[in-house]
Amino acid sequence: MKLATIGVGNAGSKIIDRMLEFEDKTGRSLCRHVLVINSARTDLAKPDYVPEDRRILIGDTHKKAKGHGVGGDVEVGAEVAKHDIDEIRRAFDDVEIHEVDAIIVAAGLGGGTGSGAGPVVIEELQKMYDEPVYGLGILPGEYEGGRPALNAARSLQSFVQKVDNFIAFDNDAWRSRGQTIEEGYEQMNRELAVRIVTLLAAGEIDETDVAENAMDSSDIMRTLDTDGVSSIGYASTTISGDTDDGLLNRFREDETPVGDATDAAKIKGLVRRAVNSRLTIPCEVTSADRALIILSGPSELISRKGIESARQWLENEADTVDILAGDDPRPNASELSAVVLLSNVTETPRVDEIQRQAVDAQDKIAELEAAREEEINELITDENDELDPVV
Ligand code: GDP
């Protein structure tokens, strides 16, 4: 697939940057256009791979932002994007839309810029183009507290209503012990980039190289075309050196013909590992509406029989007949990877938890606001209320 990629806010921009890094390292060319949008000047300086002229600052003339960000306020995030919508639109104008199959907008939903400006950006893109617009959204961890949960629960509604598909990533599920928050984010961003790029870059290889079973961009787009929330599973095995199951060493050593029953079972095993791995958002696999399996690596290592049996296995597992499976031939890849897209998953416990946390936070914020007003009044009013204000 060929994509226009847009990062909104700090997390969104970092993820786009890691996608560009991963495609650069693996010789893919998925992201044909890139743009990052932020209300904080300092965050705009962070990306390593996004060209300088593809970074735009919004809200620098807005009284509550002034180039310093929106302080985690989702309303201000939306306001600055609306205020600077002409500038955003001009940046889109540079996108040669006939060159791309789809547009993806990445954002962290717990802050102010990504969660507030993200849906405004998407709304504009949907007005301007016929191509599908996908959201890639990061859900905040429970440990972040009530405000990020409230931002995320509200922003999730806007994102999902406006995009053609919302690919979710749950920070809670991916948090590891013994890491600083920044180290954790760095690792999560890389993991997410590998999954997104491996999934969406399938089908970009030119026709001459295409294997019989090659996945096509239109297959991926069809699976994503559900208007719902998606989760991605992934597993890989190294081709040279030590592999955890010896699959590819065996291919090397004795040149076992592709299609051999044992190796088909190993391909199926890799796909099963992907589905049973930590998904980008934990979910009930049976709640998926559609699914897609892609095997990415040297085509001589991808057994047709393996792909078919993996597809059949997932059909049973996910309890849906709408499953596509194919390969993404990468002759020089150092790994064989399986990526599984579960589209329109409806049972995701983390979303329910965030909503509960958000409702509690909203109640607490309302209580605190009312109490604060009363306290201020008490402070400035004399004991017997004998004094009047000047004006
Ligand atoms: P914004 O710039 O106002 O949109 O705010 P940020 O993007 O800095 O943060 C929004 C939310 O994204 C936070 O509440 C975190 O949950 C999450 N977040 C921030 N940075 C990262 C990151 O690098 N990786 C991941 N996975 N999540 C992040």
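Residues numbered from 1 in each chain as written. Predicted model: local features only at pLDDT ≥ 70, side-chain atom pairs only at ≥ 80, totals over all residues. Heavy atoms only, no water.

As annotated in an unreviewed UniProt entry, the protein chain is Tubulin-like protein CetZ from Natrinema gari JCM 14663. Looking at the Sequence similarities (unreviewed entry) heading of the UniProt record, one finds this comment for the protein chain: "Belongs to the CetZ family." (UniProt positions renumbered as here; feature names shortened; annotations may be inferred.)

Caption draft 1: Molecular detail of the packing of aromatic side chains. Taken as a whole and judged by the stated rule, the model has two aromatic pairs. Ring plane angle 65° and centroid distance 5.7 Å describe the contact between Phe-159 and Phe-166, whose orientation is recorded as edge-to-face. For Phe-159, a relative accessible area of 0% corresponds to the buried category. Residue Phe-166 is classed as buried on the basis of its relative accessible area of 0%. Its guanidinium or amino end placed over the ring of Tyr-143, Arg-175 lies 3.9 Å from that ring's centre, counting from NZ or CZ. (Phe/Tyr/Trp six-rings, centres within 6.5 Å; stacked < 30°, edge-to-face > 60°. Buried < 20%, exposed > 50% of the residue type's maximum accessible area, 1.4 Å probe, protein only. Lys NZ or Arg CZ within 6 Å of the ring centre and 35° of its normal.)

Caption draft 2: Structural view of the site of the ligand. Near the ligand you find 17 residues, and of these Ala-11, Lys-14, Gly-114, Glu-144 and Asn-189 are the closest. For the ligand, an oxygen atom lies 2.7 Å from a polar atom in the side chain of Lys-14. In the environment of the ligand, an oxygen atom lies 2.9 Å from a nitrogen or oxygen atom belonging to the backbone of Thr-113. Contact with the protein chains hides 89% of the accessible area of the ligand, taken as 570 Å² for the molecule alone. For the shell around the ligand, the secondary-structure elements that each account for two or more residues are helix H1 (9-26), helix H5 (113-128) and helix H8 (181-200). A total of four residues in the shell around the ligand trace back to one element, the largest contributor, which is H1. Grouping the constituent residues of the shell around the ligand by class yields five nonpolar, ten polar and two charged. (Near = heavy atom within 4 Å. Polar contact = N/O pair within 3.5 Å; in protein donor to acceptor, adjacent residues only side chain to side chain. Areas by Shrake-Rupley, 256 points an atom, 1.4 Å probe, with all protein chains shown as cover. Helix = DSSP H or I, 4+ residues; strand = E, 2+ residues; numbered from the N terminus. Nonpolar A, V, L, I, M, F, W, Y, C, P; charged D, E, K, R; others polar.)

Caption draft 3: Local environment of the UniProt feature "coiled-coil region" (unreviewed entry) in the protein chain. Taking the numbering used here, the UniProt-annotated feature "coiled-coil region" (unreviewed entry) corresponds to residues 351-385. A distance of 49 Å separates the end C-alpha atoms of residues 351-385, which is 86% helix and 0% strand.

Caption draft 4: Quick peek at the side chain of Glu-21. By secondary structure assignment, the location of Glu-21 is in helix H1. Only 3.1 Å separates the side chain of Glu-21 from the side chain of Arg-190, close enough to count as a polar contact. If we ignore the near neighbours within four places in the chain, the residues touching Glu-21 are Tyr-49 and Arg-190. (Contact = heavy atoms within 4.5 Å.)

Caption draft 5: Quick peek at the nonpolar core. Formed by 72 residues in total, the largest nonpolar core has its most connected members in Ile-6, Ile-88, Leu-125, Leu-295, Leu-314 and Leu-342. Of the domains in this structure, domain 1 (3-201) and domain 2 (209-343) are the two that each give at least three residues to this core. Ignoring sequence-local partners within four residues, the contact set of Leu-295 consists of Ile-267, Leu-270, Val-271, Ile-302, Ile-307, Gly-326, Asp-327, Asp-328, Leu-336, Ser-337 and Ala-338. The next biggest cluster of nonpolar side chains, apart from the first, holds 43 residues, and it includes Leu-136, Trp-174, Leu-192 and Ile-294. (Core = buried A, V, L, I, M, F, W, Y, C linked by side-chain atoms within 4.5 Å. Domains from an automatic or database assignment.)

Caption draft 6: Broad picture of the sheet that holds strand S7 (residues 229-238). A sheet is described by the order of its strands in space; here ten strands give the open sequence S3-S2-S1-S4-S5-S6-S7-S10-S8-S9, paired in mixed fashion. At either end of the open sheet lies a strand with only one pairing partner, and these are strand S3 (55-57) and strand S9 (323-329). Going across the sheet, the axis of each strand differs from the next one's by a mean of 20°, ignoring polarity. In the sheet, strand S8 (residues 290-297) pairs with strand S10 (residues 335-343) via seven bridges, with the strands oriented antiparallel. (Pairing = 2+ DSSP bridges. Axes fitted to C-alpha atoms, helices over the stretch in contact; angles between N-to-C directions.)

Caption draft 7: Broad picture of the pairing of strand S1 (residues 3-8). Of all six residues in S1, six are buried; the element is thus mostly enclosed. Residues Leu-3, Thr-5 and Gly-7 point to one face of S1 and Ala-4, Ile-6 and Val-8 to the other, with burial holding for every one of them. This β-α-β element, S1 to H1 to strand S2 (residues 31-38), shows right-handed connectivity. Judged from the six bridges that link them, S1 and strand S4 (residues 102-108) form a sheet pairing that is parallel. (Right-handed = clockwise from strand over helix to strand, strands pointing away.)

Caption draft 8: Structural detail: a nonpolar patch on the surface. A cluster of nonpolar residues, Ile-376, Leu-379 and Ile-380, forms a patch on the protein surface that exposes about 360 Å² of accessible area. As for its position among the elements, Leu-379 is in helix H13 (residues 349-380). With relative accessibility at 71%, the residue Leu-379 sits in the exposed group. (Patch = residues over 30% accessible without salt bridge, like charges linked within 9 Å, V, L, I, M, F, W, Y side chains within 5 Å. Salt bridge = Lys/Arg side-chain N within 4 Å of Asp/Glu carboxyl O.)

Caption draft 9: The domain arrangement of the protein chain, seen in detail. If you check the domain split of the protein chain, you get domain 1 (3-201) and domain 2 (209-343). Here the C-alpha centroids of domain 1 and domain 2 sit 28 Å apart. Each side of the interface is counted separately: domain 1 has 26 residues, and domain 2 has 26 residues. Summed over both sides, the interface of domain 1 with domain 2 buries roughly 2,200 Å², with 60% coming from carbon and sulfur. Counting the surface domain 1 buries against domain 2, the share from its top three residues, Asn-165, Arg-195 and Leu-199, is 27%. Across the domain 1-domain 2 interface, the total number found is zero salt bridges. On inspection of domain 1 and its partner domain 2, the count reaches 14 residue pairs in polar contact (both at pLDDT 80 or more). Mapped onto the side of domain 1 that touches domain 2, the elements with two or more residues apiece are strand S5 (133-139), strand S6 (165-170), helix H7 (171-174) and H8. The element that contributes the greatest number of residues to the side of domain 1 that touches domain 2 is H8, accounting for seven residues. (Buried area = accessible area lost by both parts, 1.4 Å probe.)

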